[in-house]
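Residue-level structural notes
As a plain string of letters, each chain reads:
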Amino acid sequence: MQLVKIDADTNGTSLTLSWSDDSQSRFHAIWLRDNALEPHTRSADNGQRLITLAEIPSDLHVSSAEVVDGDLAVQFAPCGTSSVFPAPWLRAHGYDHTRNKNDPQVPAGIELFDSGLSLGTVSSSFEEIASSEQALLAWLQSVVTYGFAHLTQCPITSGALLDVVNLFGYVRETNYGKWFEVRSKPQPDNLAYTSAGLQAHTDNPYRDPVPTLQLLYCLENAASGGENQVVDGFRAAMQLYSENPVYFDLLSRYCVNFEFRGQAGTALTTSMPMIELRGQQELRCIRYNNRSAAAITDVPFEHMEMFYAAYRRFGEIIDDPENQLQFKLNPGECFLVDNLRVLHARSAFELAATDSSDGSDAGGRWLQGCYPDRDGLLSTLAVLEQRLHSSSQQTA
Ligand code: FE2
């Protein structure tokens, strides 16, 4: 895309850039100066900004702007600073977009899914992603695109789930430990540790910040039942909005209290919306977990009945088999979910055999789980993209 023309407004406070595809994009002088790429503004060593806004004159404007070698060259007044902005950088960082402020937005770069998605689309093997950066990149990209990814042929060893996490990031330690066991046990401190089915949910909405990723890793699964399901919470939220914008508004406007006190020494509480939006109505986070929802107190009396109707309908959409992708984890398989977007569920199961040698009724179905952080995954993904993209350009 070529930058073909630049027009400044009369005060020099903004520029209109015209592109070879006949599109235009506007940029403010203050935005350009704040985002100058030169070493006078950004550290050449680490890219961090070296100036504060206080160092930019409040009466800043553009004194001259022209296309030089296809890029935008700007001189600012009254400071006299000069900057060049590469055309591709301007295209990638444009903000002159119009959005309907009333409609919720799905974040860019994701694909909504339902029961029709093939598990193979998001699946790889441990050996593949451990030995090939290209395979690792594709697997991590699945987490961004679909909100989950599936892995086969992992080591069947207790704690080996950390070997998967080590390929892309770091685990967040919680009161459940660095990782936790998911197997039925007597007097469970969490219903996850029984053989009961679990409605689709996001994990730990009683935390702030909420866990951003969850890895569930299978070591044994001789039980009958116990299938896992994943549900695209963003898709469910958009369906709710298309059916009933008032319901959507109620679930995104009011907070729900969440709490967990099932473990000695732990009292976790928070209050956040079930459907959290950011910026211009962009979906950010789904919090849905009937087990840890406490009494709702944020909703005013006159809206409470309607709120419950909205809550009920959202649950029906989430529980709809059409929206649930189901699979059964075999030993050595795991899946990674974006806990801000994708809900997970489990069917009830019956243990095929009991092992009472250690006094517990564990045996037959044994999973381990942990909470890696999403920022580490996104960082690894960005670095891999940059590295593999630049090496493919060099070989081209
Ligand atoms: Fe869970």
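The following refers to the structure shown.

Criteria and thresholds
Residues numbered from 1 in each chain as written. Predicted model: local features only at pLDDT ≥ 70, side-chain atom pairs only at ≥ 80, totals over all residues. Heavy atoms only, no water. Axes fitted to C-alpha atoms, helices over the stretch in contact; angles between N-to-C directions. Helix = DSSP H or I, 4+ residues; strand = E, 2+ residues; numbered from the N terminus. Parallel < 35°, antiparallel > 145°, perpendicular 65-115°, else oblique. Contact = heavy atoms within 4.5 Å. Nonpolar A, V, L, I, M, F, W, Y, C, P; charged D, E, K, R; others polar. Pairing = 2+ DSSP bridges.

In contact at an axis separation of 9 Å, helix 7 (residues 245-253) and helix 8 (residues 301-319) are set at 100° when each is read in the N-to-C sense. In terms of orientation, helix 7 lies roughly perpendicular with respect to helix 8. Judged by residue contacts, Tyr-247, Leu-250, Leu-251 and Arg-253 of helix 7 engage His-303, Met-306, Phe-307, Ala-309, Ala-310, Tyr-311, Arg-313 and Phe-314 from helix 8. Each residue belonging to the contact of helix 7 with helix 8 can be placed in one class, and the counts come to nine nonpolar, one polar and two charged.

Okay, the environment of Leu-17 next. When you line up the elements, Leu-17 lands in strand 2 (residues 14-19). With 25 residues separating them in the primary sequence, Leu-17 and Arg-42 have C-alpha atoms 24 Å apart.

As a further point, take the sheet that holds strand 6 (residues 82-85). The strand order across the open sheet built from three strands is 4-5-6, with neighbouring strands paired in antiparallel fashion. Two strands close off the open sheet at either side, each with one partner strand: strand 4 (61-68) and strand 6. Here the strands of the sheet are splayed against their neighbours by 20° on average, with no regard to which way each runs. In this sheet, strand 5 (residues 71-77) lies alongside strand 4 in antiparallel orientation, the contact comprising seven bridges. Directly across from Ala-65, in strand 5, lies its bridge partner Val-74.

Read across the open sheet, the four strands follow the order 11-21-14-19; overall the sheet is antiparallel. Bordering the open sheet on either side are strand 11 (198-201) and strand 19 (324-327), each of which pairs with just one other strand. Each strand of the sheet is rotated relative to its neighbour by a mean of 20°, with strand direction disregarded. Sheet topology note: the strand 14 (residues 228-232)/strand 21 (residues 342-346) ladder contains five bridges and is antiparallel. Looking at the pairing, Val-231 lines up with Leu-343 of strand 21. Packed onto the sheet, helix 6 (residues 233-243) meets strand 14 and strand 21 and runs at close to 50° relative to strand 14.

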